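These are the residues of each chain, in order.
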Amino acid sequence: MRLTWVWLAIGLAGGIAGCQRSEVPGKSAAVQEIAWREGDVDDALAEAKESGKPILLYWGAKWCPPCNQLKTTLFKDPAFIAQTRRFVPVYLDGDTTGAQHWGERFGIRGYPTIIVLRADGSEITRLSAAGRLSEVLRVAAGRTTSIDSLFSKAEKTPSALSQDEWQLLAAFDWQNDPKHFSDHAHAASLLGSLAEAAPEGPLKRRFAMQALIAAAEKGADGKYRLSPAQQTQIEQLLPAILSNPGEVASNRQDLSYWVPSLIAAVPDSAQRKAMGTSLINALDRVYADDSLPLPDRLETVNADIILDKASQDTPRHGVASKAVLSKVRARAAWADRVAKDPMVRQSVISNAADLLHEAGDNAGARALLEGELKRSASPYYYMLELASLSEEEKDAKGAIAWARKAFEASEGQATRVQWAIEYSETVMRQAPGDKAAVEASAQAVIDALGKSGGGYYQRTRVKVDAWGKLVRKWSDAHDGGTVLARLNTRMASVCAGQGEAAASCRDWAQA
């Protein structure tokens, strides 16, 4: 289990209230940078129609590590700030009233997301934080065609794509668009076609790598299984990417998180070792590049952990080798030492703890997380990670206690629903026989949902639906019919206040 679940590849939705200019989210009034509008999205759309400018929509949350990375890097970049003046920039926070409804409309999946919209609300593109965003915004500012039209062109006549359109597709956030690519096979097919048609080597290799990641299938053990053609592809693709420092830097997230597992699936041990060594050497150079964001530099050691564990003839119960464990500890200590700004720490400390955990140093991870509780403006984020650690260590009481503390300390409508669900699910896993505790934690979810009136959309809806199925499963297994009946009665009154979503809300615990 990875601790950084709340990087939320599947994230919360967001909305805003009152159209006005403000500073970068999380900045003081004395440092005005991007002229964010924090207001009704409808007002922003109206302003876009009047001004002729497209909308730049940023979706984030104050506790979200990659969101804080954006605030301390991209949102301070003069080139990016200058580009935003050609847009109506809108900041949507996941805990604002009405946030979930807007998330449903725009199909936003995770924190953070940056989307460029036309004045009619249709999408021009959504951006990956790892892309050349200032350049992409230059292109997007002058476009009037939708992303649907671009995808249609890319599928039918990729050879007709312009240089600007290639820029948009190269920076597109392919893994964060369930509206168009909930089917990974569809995304892999299109990415493969783009790799063949791309006009230059780096673009070809970037699309080819992303296509391979999207198409690779995992076995029952969670490990990738590569076809002979996929093995040949990675053998040819990876050396070409790693020989170019610029390509390594621009693809660093894929190289740190996805590619190591693909290498581990290569059957020939000598070839696997050689490819892994080349990857680690290339990523060590990324780590040494102080022009890059601290979180990106830290996460490169993830490749060492994956490859080391995969190479062990006799698995050491999730513990990396002595050499790799020492390297991870040194990198985590470095991040803890150099991260001074509160937002920088929020962007990196959970990742450092996660890396320690993945390398087998739970004590180090726990010490780092507990040390952050008094320093962080969002300690509930770390409390939930401490609950996960306790649960993994078979400390049921500790897991429940941390999950409860995390919920009680959480802030924001949507966040409190999500944290309450984590608390309730922890109780059902760790103390399923304690009906009173199960009911009390489930009631916490219902109470939190009741205070987020009209918020039963997107992330909240998905989370509550999944939680409801677990409550039903618990009831069937533990003679909890009476408890479920009481919860249903309480939930009915909450669902009645969810407006047009009331009907789907009432189905929360259906079999």
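Okay, so let's go over this structure.

Now for the overall build of the protein chain. Broken down by element type, the protein chain carries 27 helices and 8 strands. For the protein chain, the residues scored as buried account for 55% of the 511 residues in total. Counting contacts in the protein chain only where the partners sit at least 6 residues apart, residues at least 24 apart contribute 68% of the total. Carbon together with sulfur atoms contributes 51% to the accessible area of the protein chain, which is approximately 21000 Å² in total.

Before going further, it helps to spend a moment on the packing of aromatic side chains. Within this structure, the stated rule accounts for 17 aromatic pairs. Ring centres of Trp36 and Tyr58 lie 5.5 Å apart, and the angle between their planes is 45°; this geometry places the pair in the tilted category. Linking Trp36 in strand S2 (residues 36-37) with Tyr58 in strand S3 (residues 55-60), this pair joins segments that are 22 residues apart in sequence. Looking at Trp36, the relative accessible area reads 0%, which means it is buried. We classify Tyr58 as buried; its relative accessible area is 1%. With centroids separated by 5.2 Å and ring planes inclined at 90°, the aromatic side chains of Phe151 and Phe172 adopt a geometry described as edge-to-face. With Phe151 in helix H6 (residues 147-156) and Phe172 in the loop between helix H7 (163-171) and helix H8 (178-181), this pair connects stretches of sequence that are 21 residues apart. The burial state of Phe151 is the same as that of Phe172; both residues are buried. The side chain of Lys218 reaches across the aromatic face of Tyr224, ending 5.3 Å from its centre. Geometry around Tyr287 places Arg331 over its ring, the cationic atom sitting 3.5 Å from the centre.

Within this structure, the stated rule accounts for 2 disulfides. A sulfur-sulfur distance of 2.4 Å marks the disulfide that ties Cys64 to Cys67. Around the S-S axis, the bridge from Cys64 to Cys67 shows a dihedral of about 80° and counts as right-handed. For the pair formed by Cys64 and Cys67, the shared burial category is buried. The disulfide bridge from Cys495 ends at Cys505, spanning 2.1 Å between sulfur atoms. The disulfide joining Cys495 to Cys505 has a torsion of about -70° about its S-S bond and is therefore left-handed. One end of the pair, Cys495, is in helix H26 (residues 481-495); the other, Cys505, is in helix H27 (residues 502-506), and 10 residues separate them in sequence. Judged on exposure class, the residue Cys495 and its partner Cys505 are both buried.

This brings us to the pattern of salt bridges. Scanning the model with the defined rule gives 24 salt bridges in all. The partner of Lys327 in a salt bridge is Asp304, and the shortest N-O contact between them spans 2.8 Å. Placement of Lys327 in helix H18 (residues 322-338) and of Asp304 in helix H17 (residues 302-311) is noted, with a sequence separation of 23 residues between them. Of the residues examined, Asp304 reaches a relative accessible area of 6% and is grouped as buried. A cluster of three or more residues bridged by salt bridges with shared partners is formed by Asp284, Asp304, Lys327 and Arg331.

Before going further, it helps to spend a moment on the pairing of strand S4 (residues 88-93). Counting buried residues in S4 gives 6 out of 6 residues, a clear majority hidden from the surface. Burial along S4 is two-sided: the residues Val88, Val90 and Leu92 and Pro89, Tyr91 and Asp93 are all buried. Across 6 bridges, the pairing between S3 and S4 is parallel. Each residue of the ladder has a partner; that of Gly60, found in S4, is Asp93.

Tracing the sequence through the fold places Gln346 in helix H19 (residues 342-359). Polar side-chain contacts of Gln346 include one of 3.0 Å to the side chain of Ser376.

Phi is positive for Lys394, which is not a glycine, with a value near 65°. Checked against the element boundaries, Lys394 lands in the loop between helix H21 (379-392) and helix H22 (396-409). Its relative accessible area of 74% is what places Lys394 among the exposed residues. Backbone geometry places Asp479, a non-glycine residue, at a positive phi of 50°. With respect to the helices, strands and loops of the structure, Asp479 is situated in the loop between helix H25 (458-477) and H26.

Quick look at helix H9 (residues 184-197) now. Side chains of residues three or four places apart in an α-helix project in the same direction, reflecting 3.6 residues per turn. The terminal C-alpha atoms of H9 lie 20 Å apart, and with 14 residues this matches the ideal 20 Å at 1.5 Å per residue to within 8%. Along H9, the positions that sit buried rather than exposed are Ala187, Ala188, Leu190, Leu191, Leu194 and Ala195. Looking at the buried positions of H9, the neighbouring elements they touch are H6, H7, H8 and helix H10 (201-215).

Within the secondary structure layout, Gln69 lies in helix H2 (residues 65-72). By relative accessible area, which is 11% here, Gln69 ends up buried. In this view, Gln69 contacts Leu74, Pro293, Pro295, Asp296 and Ser347; residues no more than four positions away in its chain are not counted.

A separate point is the pairing of strand S6 (residues 123-127). Most of S6 is tucked away, with 5 of its 5 residues classed as buried. Where strand S5 (residues 113-117) and S6 come together, 4 bridges link them in antiparallel fashion. Within S6, the residue paired with Leu117 across the bridge is Glu123. Counting the residues in the hairpin turn of S5 and S6 gives 5 residues, including Gly121, whose phi is positive at 90°.

Criteria and cut-off values
Residues numbered from 1 in each chain as written. Predicted model: local features only at pLDDT ≥ 70, side-chain atom pairs only at ≥ 80, totals over all residues. Heavy atoms only, no water. Helix = DSSP H or I, 4+ residues; strand = E, 2+ residues; numbered from the N terminus. Buried < 20%, exposed > 50% of the residue type's maximum accessible area, 1.4 Å probe, protein only. Contact = heavy atoms within 4.5 Å. Areas by Shrake-Rupley, 256 points an atom, 1.4 Å probe, with all protein chains shown as cover. Phe/Tyr/Trp six-rings, centres within 6.5 Å; stacked < 30°, edge-to-face > 60°. Lys NZ or Arg CZ within 6 Å of the ring centre and 35° of its normal. Disulfide = S-S within 2.5 Å. Salt bridge = Lys/Arg side-chain N within 4 Å of Asp/Glu carboxyl O. Pairing = 2+ DSSP bridges. Polar contact = N/O pair within 3.5 Å; in protein donor to acceptor, adjacent residues only side chain to side chain. Expected span 1.5 Å × (residues − 1).

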